[in-house]
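Analysis of the macromolecular model
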Amino acid sequence: MTDYRTVGLIHLFIAGVSVLTPLIGAVVAGTYIRRRGRNARLAMIGCLVTALGPIVLVLGTGFGLDSLFGGVEPLVALSVVSAASALFHLAGLLLILAGALTVPARPAAHQAPYPYAAPFHVYPTDAPPGH
């Protein structure tokens, strides 16, 4: 294999991990939606937005920067595509943090059922002991 093919395969592996990791996070956050509600939804959406970053980067670099940015140098074009990818990462991170750091809303079912605790009484029976 040539050096370029090896580097290309390594880049493809890194891109795959960069996409799969947030998708796994979205699946995990999705399993907590019933218990965590809005916070888990925010985290799941944040993971999905974060997964778009590497996709934009791979598609932007894979389909020819020269066709996208005709009169611009390749380094400038790569910087623009990387900046767009970084915006997806930043937006996803902010959504994940919003889901993790906000206080979950308590549903009415989790509030105290009674304003006071009823006393526990043991009533004597007329039966003799052991019956």
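Here we take up the overall build of the protein. In terms of helices and strands, the protein carries five helices and zero strands. A buried classification covers 18% of the 131 residues belonging to the protein. Roughly 10300 Å² of accessible area belongs to the protein as shown, and the carbon and sulfur atoms make up 71% of that amount.

Once that is clear, we can look at the packing of helix 3 (residues 38-62) against helix 5 (residues 74-101). Put simply, helix 3 and helix 5 touch, their axes get as near as 7 Å, and they point 170° apart. Comparing the axis directions of helix 3 and helix 5 gives the class roughly antiparallel. Here the residues of the contact of helix 3 with helix 5 sort into 18 nonpolar, 11 polar and no charged.

What follows deals with the environment of Ser18. Assignment of secondary structure puts Ser18 in helix 1 (residues 3-31). Of the residues examined, Ser18 reaches a relative accessible area of 29% and is grouped as partly exposed. It is 9.0 Å that separates the C-alpha atoms of Ser18 and Thr50, two residues lying 32 residues apart in sequence. One polar contact links the side chain of Ser18 to the main-chain carbonyl oxygen of Ile14, over a distance of 2.8 Å.

What follows concerns a nonpolar patch on the surface. On the surface, Leu20, Leu23, Ile24, Val28, Tyr32 and Leu48 cluster together to form a nonpolar patch covering roughly 530 Å² of accessible area. With four residues, helix 1 is the single largest residue contributor to the nonpolar patch. Relative to the helices and strands, Leu20 resides in helix 1.

Two numbers describe how helix 1 lies on helix 3: the axes approach to 8 Å, and their chain directions differ by 165°. In terms of orientation, helix 1 lies roughly antiparallel with respect to helix 3. The hand of the helix 1/helix 3 crossing is left-handed. Facing helix 1, whose interface residues are Ala15, Ser18, Val19, Pro22, Leu23, Gly25, Ala26, Ala29 and Gly30, helix 3 presents Ala40, Ala43, Met44, Cys47, Leu48, Thr50, Ala51, Pro54, Ile55 and Val58. The class makeup of the residues in the contact of helix 1 with helix 3 is 15 nonpolar, four polar and no charged.

A few words now on the side chain of Thr50. Looking at the element boundaries, Thr50 is found in helix 3. Classification of Thr50 by relative accessible area gives buried; the value is 13%. A polar atom in the side chain of Thr50 sits 2.7 Å from the backbone oxygen of Gly46.

With 28 residues, helix 5 extends 40 Å from end C-alpha to end C-alpha; this agrees with the ideal 40 Å at 1.5 Å per step. Buried within helix 5 we find Ala77, Val81, Ser85, Gly92 and Gly99.

Leu20 sits in the exposed class, given a relative accessible area of 51%. Sequence separation between Leu20 and Ala51 is 31 residues, and the spatial gap between their C-alpha atoms is 7.5 Å.

So, how was this worked out
- Residues numbered from 1 in each chain as written.
- Predicted model: local features only at pLDDT ≥ 70, side-chain atom pairs only at ≥ 80, totals over all residues.
- Heavy atoms only, no water.
- Helix = DSSP H or I, 4+ residues; strand = E, 2+ residues; numbered from the N terminus.
- Buried < 20%, exposed > 50% of the residue type's maximum accessible area, 1.4 Å probe, protein only.
- Areas by Shrake-Rupley, 256 points an atom, 1.4 Å probe, with all protein chains shown as cover.
- Axes fitted to C-alpha atoms, helices over the stretch in contact; angles between N-to-C directions.
- Parallel < 35°, antiparallel > 145°, perpendicular 65-115°, else oblique.
- Nonpolar A, V, L, I, M, F, W, Y, C, P; charged D, E, K, R; others polar.
- Polar contact = N/O pair within 3.5 Å; in protein donor to acceptor, adjacent residues only side chain to side chain.
- Patch = residues over 30% accessible without salt bridge, like charges linked within 9 Å, V, L, I, M, F, W, Y side chains within 5 Å.
- Salt bridge = Lys/Arg side-chain N within 4 Å of Asp/Glu carboxyl O.
- Left-handed = near helix turned anticlockwise from the far one by under 90°.
- Contact = heavy atoms within 4.5 Å.
- Expected span 1.5 Å × (residues − 1).

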